[in-house]
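One letter stands for each residue in the lines below.
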Amino acid sequence: MAQDTTVPKLNFEYWLDKAIEWGQATTLESQKDVCLHLPQLQEFLHQLYETLKDVGSIAAIQQFPLIGQLLGRLCWNPFVIGYDESQKTLMWCLCCLYSSDPQNPVELKANSWIRSLLCHLLSSSKWESNEAETSPFISTLGYTSADYYCHLVKNVSILLIINHHFISTYMELSLVSASRVSAVSVFCVPLITLPDLSPLLETLLLYHGGSPKEILCPEFLEAVNEAFLKKKISLPESAVFSLWLRHLPSLEKATLHLLDRLVSIQLNSLEEVACVIKDSLLPQAASHPAIFRVVNEIFKNALLETDGTSEVMTIIQVFTQLFLEARQNQNKQHAFPLKAYFPGHHQPLLRALLRRPSELPTTSWPQHLKNISDMLRALVEDTNIGSLTGLFEIWFLVACFGEWLDIAAEQLLKAAVQPDALLWLLSFYYCPQNENQQRTRAMVEVQAVYNHLMMLFSCSDLSLRDLEAAVHRIRDTEQGCNQHLLTHLLTSFLLFSSGAHTVAQECIYHITETTDTGKEVYGLLIRTAHRLHHNGEENQRTVKLLNELLQKLTWKV
């Protein structure tokens, strides 16, 4: 029997052939094949329902002339109607075919057939109907259909749980065969969400045996991952980590699921972002270098596909900090070296970036940032860097530790620093693709705006007119990346120059309305609010201004 479960999303003929092939799943081979295909079949039924509900019964039959045969066969397959939400979806599909105003004998007969199928499904479900028919076989056993199927599922789960105790004992003695473990994983697929099965799932996920090949069926691993992501089951961290280590598609799906969730909801603070990321267990799992490197590659691709949007960059930076915290809490005896996570990177630069700002006195920040800038500049200007790929890898490493970049902009304004190194660092971050001559020209523009802001920084009362030159420079700059850099400098100026607080809101609104920097500004405001709170800085006016800006701006992180 074919084991290929890779099929087009709405391949009607494929599933009709399968339904005919399975029958009522009376043989071991057909039962096994049904189990392997149940998650995909449920997805197909959902998609079929979405198609049927919008076209009406007549158009549905015209589009799928054999739909009655398909649904009828599936309704009498006990494995199909016992799996998750498939039974409910079958009912929905049947209701779409029901004619509310039958016009001829064919439609009347079709309605009668649909009612009989619905009666059968209802009698097999938890919604027991007194009028529903019960099969003679089940009646002989003294059960209603609802009780029978309930007891059947319970008995199957009990058998698997008993099997669990047998398997776990023999696993410890290495006496259980790989084929037996594989067979158990197959039969777990339709029952994965049953709470009593969690210990068995954990045992299977943590067992590897002596075989170099994966012994758990991929459908089992996919189904467990899907149920975990949808919070239909709860598993210990060790079992989840083992799942992602042994099944790359599950790890990739978990990472993409996290990204989709974060970019699709409104988040108003880094604490909320961190909470969602922690809940995914990915930062904790990334303590294993193999998982970290896969997640990192997905993040890189997400950045490239979204042109480095502020939302994705913020997610990556928060994830990196949570990963470092999880790694720090690891048992030091089992900790992997840093180069296992960041292979091929300049280790002194990596160690400098890994230092948290809170680990250093604020008076040491300018020198630390200068050291980072000098090492980075030496790497970037090295003629052996070879390709844009190598440059991107260096840039991505720096971008993962964005807190230092925000501090660089702040230190340029607040501390007595030599600005060249810190301006170069910010220029590289925002315009990494610039060649040396391009970066030199860009630096001249940035330096002019910076000098203008520094002349105004200590003024006690500023007006919009005082800032017009900087605002016009941002709006009129030809290079988009330079626009983001200048916006970063001006936003930091508005936050930390007490004389600019009275015009900060109006100025920021003007910038975000006339340039494509709204999300960038909002991300910077959220990161700054988070840093000030956690570093215990008590500049009440700045904190108050940040809160007012965050309440009024509506862009997502």
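The model shown is predicted, which means the values in this text are computed figures rather than measured ones. (Residues numbered from 1 in each chain as written. Predicted model: local features only at pLDDT ≥ 70, side-chain atom pairs only at ≥ 80, totals over all residues. Heavy atoms only, no water.)

## Description of the overall build of the protein chain
- Per the secondary structure count, the protein chain includes 30 helices and zero strands.
- Counting all 557 residues of the protein chain, 50% fall into the buried class.
- The contacts of the protein chain with a sequence gap of at least 6 include a subset with a gap of at least 24, amounting to 71%. (Helix = DSSP H or I, 4+ residues; strand = E, 2+ residues; numbered from the N terminus. Buried < 20%, exposed > 50% of the residue type's maximum accessible area, 1.4 Å probe, protein only. Contact = heavy atoms within 4.5 Å.)

## Description of the pattern of salt bridges
- Tallied over the full model, the rule gives 17 salt bridges.
- Between Glu-226 and Lys-253 there is a salt bridge, with its nearest N and O atoms 2.4 Å apart. Of this pair, Glu-226 sits in helix H12 (residues 218–229) while Lys-253 sits in helix H14 (residues 248–264), and the two are 27 residues apart along the sequence.
- The exposure class of Glu-226 is partly exposed, given its relative accessible area of 25%.
- The structure contains a network of salt bridges with shared partners spanning Lys-18, Glu-21 and Asp-33. (Salt bridge = Lys/Arg side-chain N within 4 Å of Asp/Glu carboxyl O.)

## Considering the packing of aromatic side chains
- Under the definition given, this model contains 17 aromatic pairs.
- Taking the centre distance of 5.9 Å and the plane angle of 15° together, the rings of Trp-395 and Tyr-429 count as stacked. Here Tyr-429 lies in helix H24 (residues 419–430) and Trp-395 lies in helix H22 (residues 388–400), a separation of 34 residues in the sequence. Residue Trp-395 shares its accessibility class with Tyr-429, and that shared class is buried.
- Ring pairing ties together the aromatic residues Phe-392, Trp-395, Phe-396, Tyr-429 and Tyr-430, which thus form one cluster. (Phe/Tyr/Trp six-rings, centres within 6.5 Å; stacked < 30°, edge-to-face > 60°.)

## Points about the environment of Ile-81
- In this structure, Ile-81 sits in helix H5 (residues 78–81).
- By relative accessible area, which is 6% here, Ile-81 ends up buried.
- Expressed as a C-alpha distance, the spacing of Ile-81 and Leu-121, which sit 40 residues apart in the sequence, is 7.8 Å.

## Comments concerning empty space enclosed by the protein
- The full count for this structure, using the stated rule, is three cavities of 30 Å³ or more.
- Roughly 40 Å³ of internal volume is contained in the second largest cavity.
- Around the second largest cavity sit Gln-321, Leu-353, Arg-355, Arg-356, Pro-357, Phe-401, Glu-403 and Trp-404, which together line it.
- Grouping the amino acids of the lining of the second largest cavity by side-chain chemistry returns four nonpolar, one polar and three charged. (1 Å grid on protein atoms, 1.4 Å probe; cavity = no way out; pocket = protein on both sides within 12 Å on 5 of 7 lines; lining within 4 Å. Points joined across faces, edges and corners; volume = space filled by probe spheres on them. Nonpolar A, V, L, I, M, F, W, Y, C, P; charged D, E, K, R; others polar.)

## Section: helix H26 (residues 468–476)
- Listed in full, the buried residues belonging to H26 are Ala-470, Val-471 and Ile-474. Here the buried residues of H26 occupy an arc of 100° about the axis, which is enough to place them on one side. (Arc of directions from axis to C-beta.)

## Side note on the packing of helix H4 (residues 67–75) against helix H6 (residues 86–97)
- One can describe the packing of H4 onto H6 by two numbers: an axis separation of 11 Å at closest approach and a directional angle of 150°. Between H4 and H6 lies a crossing of left-handed hand. Contacts between H4 and H6 pair Ile-67, Leu-71, Leu-74 and Cys-75 from the former with Leu-90, Cys-93, Leu-94 and Leu-97 from the latter.
- Tallied by class, the residues present in the contact of H4 with H6 amount to eight nonpolar, no polar and no charged. (Axes fitted to C-alpha atoms, helices over the stretch in contact; angles between N-to-C directions. Left-handed = near helix turned anticlockwise from the far one by under 90°.)

## Focus: the nonpolar core
- Phe-220, Trp-244, Leu-490 and Phe-493 are the most contacted members of the largest nonpolar core, which totals 142 residues.
- Sequence-distant contacts of Leu-490, that is, excluding residues within four places in its chain, are made with Leu-453, Leu-467, Val-471, Ile-474, Cys-507 and Ile-511.
- Residues Leu-48, Leu-71, Cys-75 and Tyr-83 belong to the second largest nonpolar core, which totals 35 residues. (Core = buried A, V, L, I, M, F, W, Y, C linked by side-chain atoms within 4.5 Å.)

## With respect to the packing of H24 against helix H25 (residues 436–456)
- For the pair H24 and H25, interaxial distance at closest approach is 10 Å and the crossing angle is 120°. Viewed along their axes, H24 and H25 adopt a mutual orientation that is oblique. As for the relative orientation of H24 and H25, their crossing is right-handed in sense. Contacts between H24 and H25 involve Pro-419, Asp-420, Leu-423, Trp-424, Ser-427 and Phe-428 from the first element and Arg-439, Met-443, Val-446, Gln-447 and Tyr-450 from the second.
- Residues of the contact of H24 with H25, tallied by class, amount to seven nonpolar, two polar and two charged. (Parallel < 35°, antiparallel > 145°, perpendicular 65-115°, else oblique.)

## As for the confidence of the model for the protein chain
- Of the residues in the protein chain, 84% reach a pLDDT of 70 or more, and the chain-wide mean stands at 81.
- Below pLDDT 50 for its whole length, residues 126–134 participates in 13 contacts with residues either more than four positions away or in separate chains.
- In this model residues 169–173 is a low-confidence stretch, pLDDT under 50, and it forms seven contacts with partners more than four residues away in sequence or in other chains. (pLDDT = per-residue confidence, 0-100.)

## As for the environment of Asn-547
- Tracing the backbone through its elements, the reader meets Asn-547 in helix H30 (residues 540–552).
- Spatially, the C-alpha atoms of Asn-547 and Ala-529 are 8.0 Å apart, while their sequence positions differ by 18 residues.

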